[in-house]
Amino acid sequence: MARIVAGIACSHVPAIGVAMDKGLTGTPYWEPLFKGYEPAREWLRKLAPDVAIVVYNDHASAFSLEIIPTFLIGVAEEFPIADEGFGPRPVPAVRGHSQLAWHLAESLILDEFDMTIANQMPVDHGLTVPLSVTCGRPPAWPFAVIPLCVNVVQYPPPTGARCFKLGQAIRRAVAQFDQDLRIVIYGTGGMSHQLQGERAGLINRQFDTAFLDGLTRDPLALTRITHTEYMREAGSEGIEMVMWHVMRGALEERVAEVYRHYHVPASNTAAGLMILENRSAE
Amino acid sequence: MTRFHDYDSIPGTYVYDAERGRIGYALNMFCMSLNKPENRNSFKDNEAAYLDRFPLTAEQRRSVLERDWLGMLKAGGNIYYTIKIAFCDGLTFQDVAGMMSGVSKEAYAKMMLAGGRSPEGNRYKDGAQGPECEHG
């Protein structure tokens, strides 16, 4: 039987990818951030999952404003790396898990989550930066990846509560898949940041810390944070944190915090990384 | 603005909502076209001629040509789209963020290194506090 063994929350700042691609991770600016990623890489290497479900948002790469899917699942065998306006990142193409992805699509829709299904799409930094952060620079990604996109670019994104319920539905669907697979789920984006307007550069360490604490202690309380509260407290782009709820909903009620790293700044953003394991995990 | 939203009270913030989605579509789709290298080259060769391909308003066109980053947001631009113009110019998110907030690149970078812009005094327009129920 397939099962989700752990969750990873990870910010997906494009500049983090650029720093890795250009070999700048040892510079005084980036070194403290990347040093904090090392234990997570070691943990993931030991865990050696078969599949990662990566919950992220596309940033005007695969999708424009022409069609805006609120929830989308990628079912392809492979996903190429997107050109976001400065050439594709020099990282390996992403290998999918078509069988499991189709199973999830089917199960989720019948469970009343009306997923959009993508047979072909490039993936951008929203997906590849968390992979780089947690896997380094391997010649090929060490596991199959199922991209799950959430709209957070056109207001309104789905609510945190809806995202959490989608996560719960993913957990139910995974349990019905008849292959022995160990799965990790990534919730990406955040933490506090604002990229636009006169208020650009907003960071709220207090909000972020409470959010990280709450993921283990009381995730349901976090799902009641309104969109306006995210934007006011954590910056207009801090609203991306709704995607972390999908990851949390897919885990068991009781989880253990295995690792946490929080660093300001990564360009304009408070970069957060947190690993949660199901209590019943091996 | 067609109706009041509670987020309208957040200062210095342009939420890409239904109204901006309605007026900003062509501007953002022009930006989207810059994902293709051949289009980036055409735009760089002759910006005005390239913009003729898109049904932009005069104000959208002006804000692009003058790199008025706040002006683009006010005219319906979405930052994830307009940033593609900045990439064409060899600018980063942080460069543009500094310009939008009206400080020098150095001052902005220094603010970020010191922990970023504090939410204190930046939650509500005019520093006024909003209704408590909003957070419920």
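Remember, predicted model here, so these are calculated numbers, not experimental data. (Residues numbered from 1 in each chain as written. Chains lettered and ligands numbered in written order. Predicted model: local features only at pLDDT ≥ 70, side-chain atom pairs only at ≥ 80, totals over all residues.)

(A) Geometry of the overall build of chain A. Helix and strand content of chain A: 10 helices and 10 strands. What you see for chain A is a C-alpha radius of gyration of 17 Å, in line with the 19 Å of a compact globule of 282 residues. Dimensions of chain A, computed from C-alpha atoms along their principal axes, come out at roughly 50 × 45 × 40 Å. Taken over 282 residues, chain A has a buried fraction of 57%. Long-range pairs, those at least 24 residues apart, make up 83% of the contacts in chain A between residues at least 6 apart in sequence. (Helix = DSSP H or I, 4+ residues; strand = E, 2+ residues; numbered from the N terminus. Rg over C-alpha atoms; globule rule 2.2 N^0.38 Å. Buried ≥ 20, exposed ≤ 12 C-beta atoms within 10 Å, placed from the backbone. Contact = placed C-beta atoms within 7 Å.)

(B) How the structure looks around the overall build of chain B. Along chain B, the regular secondary structure elements total 8 helices and 0 strands. Listing each helix as α and each strand as β along chain B from the N terminus yields α-α-α-α-α-α-α-α. Taken over 136 residues, chain B has a buried fraction of 36%.

(C) Examining the sheet that holds strand β2 (residues 51-56) of chain A more closely. Residue and element names in this part refer to chain A. Pairing in this open sheet of 8 strands is mixed, and the strands run β6-β3-β7-β2-β8-β1-β10-β9 from one edge to the other. The open sheet is flanked by β6 (116-118) and β9 (255-266), the only strands paired with a single partner. With direction set aside, neighbouring strand axes in the sheet form an average angle of 20 degrees. Where helix α7 (residues 205-217) meets the sheet, it contacts β1 (3-10), β9 and β10 (269-278), and its direction lies at approximately 10 degrees from that of β10. (Pairing = 2+ DSSP bridges. Axes fitted to C-alpha atoms, helices over the stretch in contact; angles between N-to-C directions.)

(D) Representation of the nonpolar core within the structure. I53, V55, I73 and M243 of chain A are the most contacted members of the largest nonpolar core, which has 131 residues in total. Apart from residues lying up to four places away in sequence, I73 of chain A is in contact with A101, L104, A105, M115, I117, A118, I146 and L148 of chain A. (Core = buried A, V, L, I, M, F, W, Y, C linked by C-beta atoms within 7 Å.)

(E) Molecular detail of helix α4 (residues 58-65) of chain B. Residues and elements named next belong to chain B. Within α4 the residues assigned to the buried category are Q60, S63 and V64. Projected down its long axis, α4 carries its buried residues within an arc of 100 degrees, all on one side. Away from its buried face, by an angle of more than 90 degrees, α4 presents the exposed residues A58 and L65. Contacts made by the buried residues of α4 are with α1 (18-33), α3 (47-51), α5 (69-74) and α6 (79-88). One or two positions beyond α4, positive phi appears at R67, with a value near 50 degrees. (Arc of directions from axis to C-beta.)

(F) Structural view of the interface of chain A and chain B. With 36 residues of chain A at the interface, the matching set in chain B holds 42 residues. At 5 residues, the largest contribution of residues to the side of chain A that touches chain B is made by helix α9 (residues 227-234) of chain A. Within the side of chain A that touches chain B, the residues separate by chemical class into 14 nonpolar, 14 polar and 8 charged. (Nonpolar A, V, L, I, M, F, W, Y, C, P; charged D, E, K, R; others polar.)

(G) Geometry of the pairing of β1 of chain A. Residues and elements named next belong to chain A. In terms of burial, β1 is a largely internal element, 6 of the 8 residues being buried. In the sheet, β1 pairs with strand β8 (residues 182-188) via 7 bridges, with the strands oriented parallel. Across the sheet, I8 pairs through a bridge with Y186, a residue of β8. As paired elements, β1 and β10 share 5 bridges and run antiparallel to each other. Residue pairing across strands places A9 opposite M274, the latter belonging to β10.

(H) Layout of the confidence of the model for chain B. Residues and elements named next belong to chain B. Per-residue confidence for chain B gives a mean pLDDT of 93, with 91% of residues at or over 70. Of the regions scoring below 50 in pLDDT, residues 132-136 engages in 3 contacts with residues more than four places distant in sequence or in other chains. In the predicted assembly, ipTM is 0.95 and pTM is 0.96. (pLDDT = per-residue confidence, 0-100.)

(I) Region of the structure containing the environment of L212 of chain A. Residue and element names in this part refer to chain A. Here L212 shows up in helix α7. Residue L212 is classed as buried on the basis of its 21 C-beta neighbours within 10 Å. Excluding its chain neighbours within four sequence positions, the residues that come into contact with L212 are R260, Y262, G272 and M274.

(J) Representation of α7 of chain A. Residue and element names in this part refer to chain A. The end-to-end C-alpha distance of α7 is 18 Å, a good match for the 18 Å that 13 residues give at a rise of 1.5 Å each. Those residues of α7 not exposed but buried are F207, D208, F211, L212 and L215. Within α7, the buried residues cover an arc of 135 degrees as seen down the axis, which keeps them to one side. Summarising the geometry of α7, the exposed residues directed more than 90 degrees from the buried face are Q206 and R217. (Expected span 1.5 Å × (residues − 1).)

(K) Spatial organisation of the pairing of β9 of chain A. Residues and elements named next belong to chain A. Pairing of β9 with β10, which is carried by 9 bridges, proceeds in the antiparallel orientation. Its bridge partner lying in β10, Y259 is registered against I275. Turn length for the β9-β10 hairpin, with the two strands adjacent in sequence and antiparallel, is 2 residues, and the turn residue S267 shows positive phi of about 60 degrees.

(L) Inspection of the packing of α1 of chain B against α6 of chain B at higher detail. Residue and element names in this part refer to chain B. Packing of α1 against α6 leaves a shortest axis separation of 8 Å and a crossing angle of 45 degrees. As judged from the angle between their axes, α1 and α6 are oblique. Considering only the axes of α1 and α6, their crossing is left-handed. Residue-level inspection shows N28, C31 and M32 of α1 in contact with α6, the latter providing Y81, T82, K84 and I85. Residues that form the contact of α1 with α6 fall into these classes: 4 nonpolar, 2 polar and 1 charged. (Parallel < 35°, antiparallel > 145°, perpendicular 65-115°, else oblique. Left-handed = near helix turned anticlockwise from the far one by under 90°.)

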